[in-house]
Every structure is written in C-alpha cells, then in structure tokens.
Amino acid sequence: EVTRYGQLLYEKFLEMEYFTDHQDYFDKKDLSAIPMEFMSLPIITQGTIIKGPMKVAGELFNMTSGSQIFSWSMSIGPLEPFILENINKLDQGVEMRFLQQRDQKVPSDYMNSTRYNILFRTLDKVDVGIHVNEDRALVVLPDYHSGVDYSCAIVGDTPQFLRWASMLFEYFWEDASFLNL
C-alpha cells in the first residue's frame, strides 16, 4: 500500500518526467509570461505539446469551428486566417472575446459586430497566446528572443486545464482596456 507521502513523491516525479521529456520545448520558452499565481505544474502537465505551425493552426481552426458556446482568444493581433470562421460562429450565436495588443488594428470584418456577441480589449503588450472554448484550451508561450511563437503550443481538454487557461485569460482580460468598435 502506498502512503500519502509516497503518492506525493510519485506525483512530483511524474511532473518532473513531463518537463524532462519536453526539455527541448521548455528550455526555449519564457515562462515569466505567465504570472506566478498561475504557475501550476500539475495542471500544465495535463496539456499536450504540439509542434509545427500547421499543427498549431489546425488545432486553432478546429477549436474555432468546434465552438458552440464561447471562444476567447488572446494574441498579439487578429489571427487573419480565422476571421471568416469567427464570423460564421458569431452568426451562430457563439460569444467571442478578443484580447490583442493595442497597436494592432481590428479587422473591418468585425466592424458590423453590433449584432454579434463580440467584445474586444487591448493590452500594451501581449506576451502569451491563450485560446479557450468550452471544450479545449491552447496556450502559446513566448521564446526568450522572438516573442510569442505559434510554431508550438500546449493544448489540453481536462476540466482542470480548461479552468486554468480560462482563469489565465480572465486575468489578462481584467487588466485590459475596453475597445469600442
């Protein structure tokens, strides 16, 4: 029989194994973009690391097209390839929140958004990409030198991972400035 102490050690071992297995990913990422209160190793390890810009883009498209209730997105600027699918989802009544860097323009496709359930906010600087819907979450960490890197991401669908990513998005959302369209 395993004691509680043994269980705790085993859980920590699994967390360290995850980070060791993905050392090539985490060595290049700047985790300081995530506030300390959100640095939960047990939750981060519930995510799967996907590599390759096409895989990340495919996952983002699947998340957008699969949204039935809400889709929240935090990125430096608008993700242009997904605008038409976002409009389609808005027409279906999906709530959308976009959080982007202040120096980026909102695509004109969203300007007729008064009939939609869409909100925009801005931050001076966006250091991490966060994309959440009711079923999945995807987090894009920055490289140390080149900023947010959409060539790889952490994606997860466990309730804990979704709650963590949603709370992380809300943290930045509350700090952001409202943008009138």
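Please refer to the structure placed before this passage.
Note that the structure is predicted; figures quoted are calculated from it, not measured. Sequence order sets the numbering: in each chain, residues are counted from 1 along the sequence as written. Given that the model is predicted, a residue must reach a pLDDT of at least 70 before its local features are reported, and side-chain atom pairs must reach 80 or more before they are shown or counted; all residues, however, enter totals for whole chains, interfaces and linings. Here the side-chain values reflect all heavy atoms present in the structure, with hydrogen atoms and water set aside.

### A look at the environment of methionine 36
Next, step 1: Where helices and strands are cited, they refer to DSSP runs of H or I of at least four residues and of E of at least two residues respectively, numbered from the N terminus. Mapped onto the fold, methionine 36 is located in the loop between helix H2 (23-26) and helix H3 (41-44).
Next, step 2: As for methionine 36 and isoleucine 69, which are separated by 33 residues in sequence, their C-alpha atoms are 29 Å apart.

### Considering a nonpolar patch on the surface
Next, step 1: Nonpolar side chains (Val, Leu, Ile, Met, Phe, Trp, Tyr) are joined into patches within 5 Å and like charges within 9 Å, using only residues with over 30% relative accessible area and no salt bridge. Computed by Shrake-Rupley with a 1.4 Å probe, the accessible areas treat only the displayed protein chains as cover when residues are assessed. By convention in these notes, a salt bridge is any Lys or Arg side-chain nitrogen within 4 Å of a carboxyl oxygen on Asp or Glu. On the surface, Tyr10, Phe13 and Leu14 cluster together to form a nonpolar patch covering roughly 300 Å² of accessible area.
Next, step 2: With respect to the element layout, tyrosine 10 can be found in helix H1 (residues 4-21).

### As for the pairing of strand S9 (residues 152-156)
Next, step 1: Only protein chains enter the accessibility calculation, which uses a 1.4 Å probe; a residue whose area is less than 20% of its type maximum is buried, one above 50% is exposed, and one in between is partly exposed. Where burial is concerned, most of S9 is hidden: five out of the five residues are buried.
Next, step 2: Neither face of S9 is exposed, since Cys152, Ile154 and Gly156 on one face and Ala153 and Val155 on the opposite face are all buried.
Next, step 3: For two strands to count as paired, DSSP must find a minimum of two bridges between them. With four bridges connecting them, strand S1 (residues 48-51) and S9 associate as antiparallel partners. By the bridge assignment for S9, isoleucine 50 is matched with alanine 153.
Next, step 4: The sheet contact formed by strand S6 (residues 137-140) and S9 spans three bridges and is antiparallel.

### Points about the packing of aromatic side chains
Next, step 1: Paired rings are identified among Phe, Tyr and Trp, the last through its six-membered ring, by centres lying within 6.5 Å, and are further divided according to the angle between planes into stacked (under 30 degrees), edge-to-face (over 60) and tilted (the rest). All told, the structure shown has nine aromatic pairs when counted by the stated rule.
Next, step 2: The interplanar angle of 25° and the centroid separation of 5.2 Å between the aromatic rings of tryptophan 72 and phenylalanine 169 together place this pair among those described as stacked. Of the two residues, tryptophan 72 is situated in strand S2 (residues 70-74) and phenylalanine 169 in helix H6 (residues 159-175); the sequence distance between them amounts to 97 residues.
Next, step 3: Assessed through its relative accessible area of 10%, tryptophan 72 is described here as buried.
Next, step 4: Between phenylalanine 169 and tryptophan 173, the ring centres sit 5.6 Å apart and the planes meet at 25°, which makes this aromatic pair stacked. Residue phenylalanine 169 and its partner tryptophan 173 are both found in helix H6; the two are separated by four residues, about one turn of the helix.
Next, step 5: A relative accessible area of 0% means that phenylalanine 169 is categorised as buried.
Next, step 6: Residue tryptophan 173 is classed as buried on the basis of its relative accessible area of 3%.
Next, step 7: Among the aromatic residues, ring-to-ring pairing joins Phe70, Trp72, Phe169 and Trp173 into one connected group.

### Quick word on the sheet that holds strand S3 (residues 95-101)
Next, step 1: Within the open sheet, the eight strands sit side by side as S1-S9-S6-S5-S2-S3-S4-S10. Their pairing is mixed. Of all the strands in the sheet, just S1 and strand S10 (177-179) have a single pairing partner and so form its edges. Each strand of the sheet is rotated relative to its neighbour by a mean of 20°, with strand direction disregarded.
Next, step 2: Note that strand S4 (residues 118-123) and S10 share three bridges and pair antiparallel. Residue pairing in the sheet places phenylalanine 120 in a bridge with leucine 179 of S10.
Next, step 3: Docked against the sheet, helix H4 (residues 53-66) engages S1, strand S5 (129-133), S6 and S9, running at close to 35° with respect to S5. Here the axes come from fitting lines to C-alpha atoms, over the contacting stretch only for helices, and the angles between their N-to-C directions go from 0 to 180 degrees. Note on definitions: a residue-residue contact is assigned when non-hydrogen atoms from the two residues lie within 4.5 Å.

### Points about the environment of glutamine 68
Next, step 1: As for its placement among the helices and strands, glutamine 68 is situated in the loop between H4 and S2.
Next, step 2: On a C-alpha basis, the gap between glutamine 68 and glutamate 134 in space is 7.6 Å, while along the polypeptide they are 66 residues apart.
Next, step 3: Setting aside residues up to four positions removed in sequence, glutamine 68 forms contacts with Lys89, Val94 and Glu134.

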